[in-house]
Amino acid sequence: MTPEKMNQLMQTPRIDFIHAIQNKDIAQCLVKTAEIHGHYCPGSAFGVMASLWGLELLQTEHPNMDPEKTASSGMEDLMAVVETNACFADGIQAVSGCTLGNNALVYRDLGRFAVTFALRGQKTGVRVRIRGDFRSHVEHALPEFFGLMEKVIKNRKGTPEDEAEFREKGREAAFALIKRPFETLLTAEKIVPSLPPYAPISPSHVCPDCGETVMATKVVDQGEKKGVCFICAGKGFHELEGRGIIKNKG
Ligand SMILES: [Zn+2]
Ligand SMILES: [Zn+2]
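Residues numbered from 1 in each chain as written. Chains lettered and ligands numbered in written order. Predicted model: local features only at pLDDT ≥ 70, side-chain atom pairs only at ≥ 80, totals over all residues. Heavy atoms only, no water.

Things to note about the overall build of the chain
1) Next: Scanning the chain from N- to C-terminus turns up 10 helices and 11 strands.
2) Next: Projected onto its principal axes, the C-alpha coordinates of the chain cover approximately 65 × 50 × 45 Å.
3) Next: Residues classed as buried in the chain amount to 40% of the 250 residues present.
4) Next: Long-range contacts, defined as pairs at least 24 residues apart, comprise 60% of the intrachain contacts of the chain with a sequence gap of at least 6.
5) Next: With the model as given, the accessible surface of the chain reaches about 14,100 Å², and the carbon-plus-sulfur share is 54%.
6) Next: Positive and negative charge centroids in the chain, built from 30 and 31 side chains respectively, lie 5 Å apart. (Helix = DSSP H or I, 4+ residues; strand = E, 2+ residues; numbered from the N terminus. Buried < 20%, exposed > 50% of the residue type's maximum accessible area, 1.4 Å probe, protein only. Contact = heavy atoms within 4.5 Å. Areas by Shrake-Rupley, 256 points an atom, 1.4 Å probe, with all protein chains shown as cover. Lys, Arg positive; Asp, Glu negative; His and termini not counted. Charge placed at Lys NZ, Arg CZ, Asp CG, Glu CD.)

Remarks on the nonpolar core
Nonpolar side chains tend to gather and get buried jointly when the protein is soluble and globular.
1) Next: Formed by 52 residues in total, the largest nonpolar core has its most connected members in Ile 92, Val 115 and Leu 186.
2) Next: With residues up to four places along the chain from it excluded, the contact list for Val 115 reads Ala 50, Ala 80, Val 81, Val 82, Phe 88, Ile 92, Val 126, Arg 127 and Val 128.
3) Next: Counting residues in each nonpolar core, the second largest holds 6 residues, with Val 214, Val 228, Cys 229 and Ala 233 among its members. (Core = buried A, V, L, I, M, F, W, Y, C linked by side-chain atoms within 4.5 Å.)

Examining the coordination of the zinc ion (ligand 1)
1) Next: Around the zinc ion (ligand 1), the donor atoms from the protein are His 37 (NE2), His 39 (NE2), Cys 41 (SG) and Cys 87 (SG), and they sit 2.0 to 2.3 Å away.
2) Next: Classification of the site at the zinc ion (ligand 1) as irregular follows from its 4 donor atoms and the range of 91 to 137° in their angles at the metal.
3) Next: Motif for the zinc ion (ligand 1), donor spacing along one chain: H-x1-H-x1-C-x45-C. (Donors = N, O, S within 2.8 Å, 3.2 Å for Na, K, Ca; no water. Tetrahedral: all angles 85-135°; square planar, octahedral: opposite > 155°, others 65-115°.)

A look at the pattern of salt bridges
1) Next: Evaluated as defined, the whole model comprises 14 salt bridges.
2) Next: Ionic pairing is found between Lys 24 and Glu 56, a salt bridge with its closest N-O pair at 3.8 Å. Linking Lys 24 in the loop between helix 2 (15–22) and helix 3 (26–37) with Glu 56 in helix 4 (residues 42–61), this pair joins segments that are 32 residues apart in sequence.
3) Next: For Lys 24, a relative accessible area of 54% corresponds to the exposed category.
4) Next: Taking relative accessible area as the criterion, Glu 56 reaches 34% and is therefore assigned partly exposed.
5) Next: Note that Asp 133 and Arg 131 form a salt bridge whose closest N and O atoms lie 3.3 Å from each other.
6) Next: Because the salt bridges share partners, they merge into one network encompassing Glu 83, Arg 112 and Arg 127. (Salt bridge = Lys/Arg side-chain N within 4 Å of Asp/Glu carboxyl O.)

Notes on the coordination of the zinc ion (ligand 2)
1) Next: Within the protein, Cys 207 (SG), Cys 210 (SG), Cys 229 (SG) and Cys 232 (SG) serve as the donor atoms for the zinc ion (ligand 2), at 2.3 Å.
2) Next: Classification of the site at the zinc ion (ligand 2) rests on its 4 donor atoms, whose angles at the metal span 104 to 115°, yielding the label tetrahedral.
3) Next: Considered as a linear motif, the donors of the zinc ion (ligand 2) on their single chain read C-x2-C-x18-C-x2-C.
4) Next: Accessibility expressed as a relative area gives 9% for Cys 229, which makes it buried.
5) Next: Judged by relative accessible area, Cys 232 falls into the partly exposed class, the value being 27%.

Brief notes about the pairing of strand 1 (residues 78–82)
1) Next: The buried count for strand 1 comes to 5 of 5 residues, which makes it a mostly enclosed element.
2) Next: Across the two faces of strand 1 the burial is the same, with Leu 78, Ala 80 and Val 82 and Met 79 and Val 81 all buried.
3) Next: Crossover connection from strand 1 via helix 5 (residues 87–96) to parallel strand 2 (residues 105–107): handedness right-handed. (Right-handed = clockwise from strand over helix to strand, strands pointing away.)

Looking at the layout of surface pockets
1) Next: Its volume calculated, the largest pocket comes out at about 830 Å³.
2) Next: A class-by-class count of the residues in the lining of the largest pocket yields 13 nonpolar, 4 polar and 4 charged.
3) Next: In this structure, the second largest pocket spans a volume of roughly 600 Å³.
4) Next: Lining the second largest pocket we find 25 residues, and of these Cys 87, Phe 145, Met 149, Ile 153 and Phe 166 sit closest to its centre. (1 Å grid on protein atoms, 1.4 Å probe; cavity = no way out; pocket = protein on both sides within 12 Å on 5 of 7 lines; lining within 4 Å. Points joined across faces, edges and corners; volume = space filled by probe spheres on them. Nonpolar A, V, L, I, M, F, W, Y, C, P; charged D, E, K, R; others polar.)

Nothing here speaks to function; it is all geometry.
What follows is the structure, encoded as structure tokens:
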């Protein structure tokens, strides 16, 4: 990387992504999404398209919105509410820049392939969802895709060759889908979003039992002992995994 490029990225880390979004370069957005997602697939392609369309419509809805804010800079001004934790969600995180870590991503455990984009302080936002007939589009783009997915992902019975083929078909399907007009695959509507408050800045605290550093919002008092972490308290905790948010008994 040249020093100039490094300097540019140090000023604006998402500059390449921002340019791809502004140029409506869906293929580049998909490539950059795969940097974090690890592979190409229809789900992440749908997430990329839902983000690009949703952010474009949000900009139309709020013309005074700073174009720089069409992608999150991690300050929670732009918020994304995503309703699934499948591949789709990485297309949302990558393109919008609203991520788990910067608290601009809200996860609702609904299993619906949908995302809402909203700006803090604005009454209206945009919800984009995958159309009910999306499978037929994937099948049309790539008839073998779902059969391979069943074998490799669902049944975990694929050979290394099947896995390689599945990755290749996933890539073919993803790049074929992004050529289609958004409205053939997705539906968008203006909505009044409900957003949680800004993420609290919670002081860190040291658990008296294990000595680990823990957010002060994630401790409990146990009799005389103040501020015990959930693990030491032995009361279980919630975790987000493939099935969604579940209670882990600890
Ligand atoms: Zn995927
Ligand atoms: Zn502890």
